[in-house]
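# Coordinate inspection notes
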Amino acid sequence: MIASLKAEEMNQLQLVEREEIDDEEELFEAIDKLISQGINSGDVKKLQDAGIYTCNGLMMHTKKHLTGIKGLSEAKVDKICEAAEKIVNFGYMTGSDALLKRKAVIRITTGSQALDELLGGGVETSCITEAFGEFRSGKTQLAHTLCVSTQLPTNMNGGNGKVAYIDTEGTFRPDRIVPIAERFGMDPGAVLDNIIYARAYTYEHQYNLLLGLAAKMSEEPFRLLVVDSVIALFRVDFTGRGELADRQQKLAQMLSRMTKIAEEFNVAVYMTNQVIADPGGGVFISDPKKPAGGHVLAHAATIRLMFRKGKGEQRVCKITPGGIADAKD
């Protein structure tokens with residue numbers, strides 16, 4: 001059905017500019033609005049240099065972190081926070097208001113009807129979806145498919161937005177995007193132009209790439225962030241039990257940043273994860289495995305998908321315990 005779109009309909013599959021979307025204005029308030037509250041433009045520039053581009057994002061940082069920004073004293077930070085509180089409401093809201101806010105959430109199709117049904121309509125914005133499994137189980141293939149389906153109009157179960165892709169393992173293949181785009185009846189060139197890609201080589205580089213996304217997402221309509229994979233560089237840069245605590249702390253900070261991006265910009269975050277052997281998996285399981293990252297990563301993911309190989313080219317996906325999606329069973 002999607003592949004048989006007429007030429008004129010295909011031409012309509014263009015991303016709507018941010019200024020044309022009225023609802024987008026309610027998602028976040030630009031950091032520039034602090035100037036109207038009496039904050040010096042130089043201090044606003046310092047916040048932007050630190051990767052803070054919205055008042056919503058500002059309120060997600062501790063005062064300790066903000067005073068760590070060069071040129072911002074405690075007095076300035078207090079004044080900035082007071083000004084931000086006048087612009088955005090970070091206090092209590094009624095259940096009805098919370099329900100209304102949830103209506104802004106978009107579900108992006110995975111391209112598989114069975115998987116969409118499992119997820120209640122598709123990959124959800126404003127939260128993190130984690131996919132773990134052994135190599136060649138379909139995690140990265142789903143990431144490539146989402147890069148395309150995210151750009152579909154919302155009336156076609158897309159996100160009508162751009163995609164940011166952070167690659168830590170060198171698995172992104174733009175040539176794989178082409179047939180997927182053609183399957184959805186979209187122009188492959190336009191689809192690739194709406195994907196921004198970065199290859200990360202260290203966990204610090206990976207974190208800095210996340211910090212730099214705020215500037216882009218505050219200006220353009222992004223709907224998907226892919227991190228493939230989230231744990232690979234941490235397993236390389238931290239070795240042995242002696243560095244485990246430090247690794248988990250740095251991983252928690254990374255995941256916290258991803259959660260804030262998801263909520264601040266109403267973006268779907270899809271991250272892949274590796275697996276490790278699980279000696280305590282039980283005698284009845286022939287090859288027991290569990291996702292890497294421990295409890296820190298498990299608590300960050302809203303929905304956890306386990307991928308495994310089926311017969312031939314088939315892949316099996318299961319929602320694992322721990323995510324809110326379990327309640328939909």
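Note: the structure precedes this text.
Residues numbered from 1 in each chain as written. Predicted model: local features only at pLDDT ≥ 70, side-chain atom pairs only at ≥ 80, totals over all residues. Heavy atoms only, no water.

To continue, consider the overall build of the chain. Per the secondary structure count, the chain includes 14 helices and 11 strands. Evaluated residue by residue, the chain yields a buried proportion of 45% over its 329 residues. In the chain, once contacts between residues fewer than 6 apart in sequence are set aside, the share between residues at least 24 apart is 69%. Of the accessible surface of the chain, which amounts to about 17000 Å², a share of 52% is contributed by carbon and sulfur atoms. (Helix = DSSP H or I, 4+ residues; strand = E, 2+ residues; numbered from the N terminus. Buried < 20%, exposed > 50% of the residue type's maximum accessible area, 1.4 Å probe, protein only. Contact = heavy atoms within 4.5 Å. Areas by Shrake-Rupley, 256 points an atom, 1.4 Å probe, with all protein chains shown as cover.)

What the seven strands build is an open sheet, ordered E5-E4-E6-E7-E3-E10-E11; its pairing is mixed. In this open sheet, the two edge strands, each paired with only one partner strand, are strand E5 (195-199) and strand E11 (315-319). In this sheet, neighbouring strand axes are inclined to one another by 15° on average, regardless of whether the strands run parallel or antiparallel. Two elements, strand E10 (residues 303-309) and E11, share five bridges in a ladder whose sense is antiparallel. The residue bridging Leu305 from the neighbouring strand is Ile319, located in E11. The sheet contacts of helix H8 (residues 139-149) involve strand E3 (128-132), strand E4 (162-167), E5, strand E6 (222-228), strand E7 (268-273) and E10, and relative to E7 the element is tilted by about 160°. (Pairing = 2+ DSSP bridges. Axes fitted to C-alpha atoms, helices over the stretch in contact; angles between N-to-C directions.)

The next subject is the packing of aromatic side chains. To describe a pair of aromatic rings, one takes the distance between the centres and the angle between the planes. Counted under the stated rule, the structure contains seven aromatic pairs. An angle of 25° between the planes, with centres 4.8 Å apart, marks the rings of Phe172 and Tyr197 as stacked. In this pair, Phe172 sits in the loop between E4 and helix H9 (174-183) while Tyr197 sits in strand E5, placing the two residues 25 residues apart along the sequence. We classify Tyr197 as partly exposed; its relative accessible area is 39%. (Phe/Tyr/Trp six-rings, centres within 6.5 Å; stacked < 30°, edge-to-face > 60°.)

In this section: the pairing of E10. When E3 meets E10, the two strands line up parallel, connected through four bridges. Considered in E10, the bridge of Thr129 is made with Ile303.

Turning our eyes to something else, we now look at unusual backbone geometry. With an omega of -5°, the peptide bond between Asp228 and Ser229 qualifies as cis. Structurally, Ser229 is set in the loop between E6 and helix H12 (232-237). Of note, Asn266 is a non-glycine position whose phi angle comes to about 55°, a positive value. Of note, Asn266 is situated in the loop between helix H13 (244-265) and E7.

Moving on: the packing of helix H11 (residues 203-217) against H13. H13 packs onto H11 with a crossing angle of 15° between their chain directions and a minimal axis gap of 11 Å. Here H11 is positioned roughly parallel relative to H13, judged by the angle of their axes. The handedness of the crossing between H11 and H13 comes out as left-handed. Seen from H11, the contacting residues are Tyr203, Gln206, Tyr207, Leu210, Leu211, Leu213, Ala214 and Met217; seen from H13, they are Lys250, Gln253, Met254, Arg257, Met258, Ile261 and Phe265. Taken together, the residues of the contact of H11 with H13 sort by class into 11 nonpolar, two polar and two charged. (Parallel < 35°, antiparallel > 145°, perpendicular 65-115°, else oblique. Left-handed = near helix turned anticlockwise from the far one by under 90°. Nonpolar A, V, L, I, M, F, W, Y, C, P; charged D, E, K, R; others polar.)

Looking at where Thr272 falls in the secondary structure, it is placed in strand E7. For Thr272, a relative accessible area of 1% translates into the label buried. Within the structure, Thr272 has its side chain in polar contact with the side chain of Asp228 (distance 2.4 Å). Ignoring sequence-local partners within four residues, the contact set of Thr272 consists of Ala131, Lys139, Val227, Asp228, Ser229 and Val230. (Polar contact = N/O pair within 3.5 Å; in protein donor to acceptor, adjacent residues only side chain to side chain.)

Below, the discussion takes up the pattern of salt bridges. Inspection of every chain in the model, using the stated rule, returns 10 salt bridges. For Asp43, the salt bridge goes to Lys46, with nearest N and O atoms at 3.6 Å. Taken together, the residues span about one helical turn, with Asp43 and Lys46 both in helix H2 (residues 41-49) at a distance of three residues. A residue is classified by how much of its surface remains accessible, and Asp43, at 9% relative accessible area, is buried. Between Arg102 and Glu124 there is a salt bridge, with the nearest N and O atoms lying 3.1 Å from each other. Residue Arg102 is found in helix H6 (residues 95-102), and its partner Glu124 is found in strand E2 (residues 123-124); the two are separated by 22 residues along the sequence. (Salt bridge = Lys/Arg side-chain N within 4 Å of Asp/Glu carboxyl O.)

Ranked by size, the top nonpolar core spans 32 residues in total, and within it Met217, Leu225, Met258 and Met271 carry the most contacts. Among the elements of the structure, E4, H11, E6, H12, H13, E7 and helix H14 (294-300) are those that each provide at least two residues to this core. Beyond its immediate sequence surroundings of up to four residues, Leu225 is in contact with Ala164, Ile166, Leu210, Leu213, Met217, Ile261, Val267, Ala268, Val269 and Tyr270. Counting 30 residues, the second largest nonpolar core, distinct from the first, contains Ile108, Leu119, Leu146 and Ile180. (Core = buried A, V, L, I, M, F, W, Y, C linked by side-chain atoms within 4.5 Å.)

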